[in-house]
Amino acid sequence: FADGGNQHLLSFFWNSPKVAACGCVKAFAQAIRSENRCAIQFYKELLQAFCKVTGTGGVEISPEDALRMFEAKETYDAVKKEKFN
């Protein structure tokens, strides 16, 4: 998913579920950064629906904390892949 401007939401899929999921998470992050209320509300509703359908309940976390966790994980994975010290 991506914000297409003027409150238009675009959906796209790559040939890899992992890449598509990362793209979706990055779109979530961009919506938070851009402070687009329509996109933020869409992703909030989507996440709540995921929690209901999967039965995971939900631990509420602020968008800023979620973004920090995602970026930290991305950095950790990059360092691990390159085996930097």
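Notes on the structure follow.

With respect to the overall build of the chain
Check the secondary structure of the chain and you find 3 helices and 2 strands. Secondary structure of the chain in N-to-C order comes out as β-β-α-α-α. Per-residue burial over the chain gives 14% buried out of 85 residues. Carbon and sulfur atoms make up 59% of the accessible area of the chain, which amounts to about 7,000 Å² in all.

Observations concerning helix α1 (residues 17–34)
Relative to the 26 Å expected for 18 residues at 1.5 Å per residue, α1 spans 25 Å between its end C-alpha atoms, a close match to the ideal helical length. Burial in α1 covers these residues: Ala20, Gly23, Cys24, Ala27, Phe28, Ala29 and Ala31. Just downstream of α1, Glu35 is the residue with a positive phi angle, here 60°.

Topic: helix α2 (residues 37–54)
Between its terminal C-alpha atoms α2 stretches 26 Å, which fits the 26 Å expected from 18 residues at 1.5 Å a residue. Among the residues trailing α2, Gly55 stands out with phi positive, at a value near 70°.

Describing the packing of aromatic side chains
Evaluated as defined, the whole model comprises 1 aromatic pair. Between the aromatic rings of Phe42 and Tyr43, the centroid separation amounts to 5.2 Å while the plane-to-plane angle is 70°, which identifies the pairing as edge-to-face. By relative accessible area, which is 4% here, Tyr43 ends up buried.

A few points about the packing of α1 against α2
For the pair α1 and α2, interaxial distance at closest approach is 8 Å and the crossing angle is 135°. With respect to their mutual orientation, α1 and α2 come out oblique. The handedness of the crossing between α1 and α2 comes out as left-handed. Residues Ala27, Phe28, Ala31 and Ile32 of α1 touch α2, and the partners they reach there are Ala39, Ile40, Tyr43, Leu46 and Leu47. Tallied by class, the residues present in the contact of α1 with α2 amount to 9 nonpolar, no polar and no charged.

What counts and how
Residues numbered from 1 in each chain as written. Predicted model: local features only at pLDDT ≥ 70, side-chain atom pairs only at ≥ 80, totals over all residues. Heavy atoms only, no water. Helix = DSSP H or I, 4+ residues; strand = E, 2+ residues; numbered from the N terminus. Buried < 20%, exposed > 50% of the residue type's maximum accessible area, 1.4 Å probe, protein only. Areas by Shrake-Rupley, 256 points an atom, 1.4 Å probe, with all protein chains shown as cover. Expected span 1.5 Å × (residues − 1). Phe/Tyr/Trp six-rings, centres within 6.5 Å; stacked < 30°, edge-to-face > 60°. Axes fitted to C-alpha atoms, helices over the stretch in contact; angles between N-to-C directions. Parallel < 35°, antiparallel > 145°, perpendicular 65-115°, else oblique. Left-handed = near helix turned anticlockwise from the far one by under 90°. Contact = heavy atoms within 4.5 Å. Nonpolar A, V, L, I, M, F, W, Y, C, P; charged D, E, K, R; others polar.

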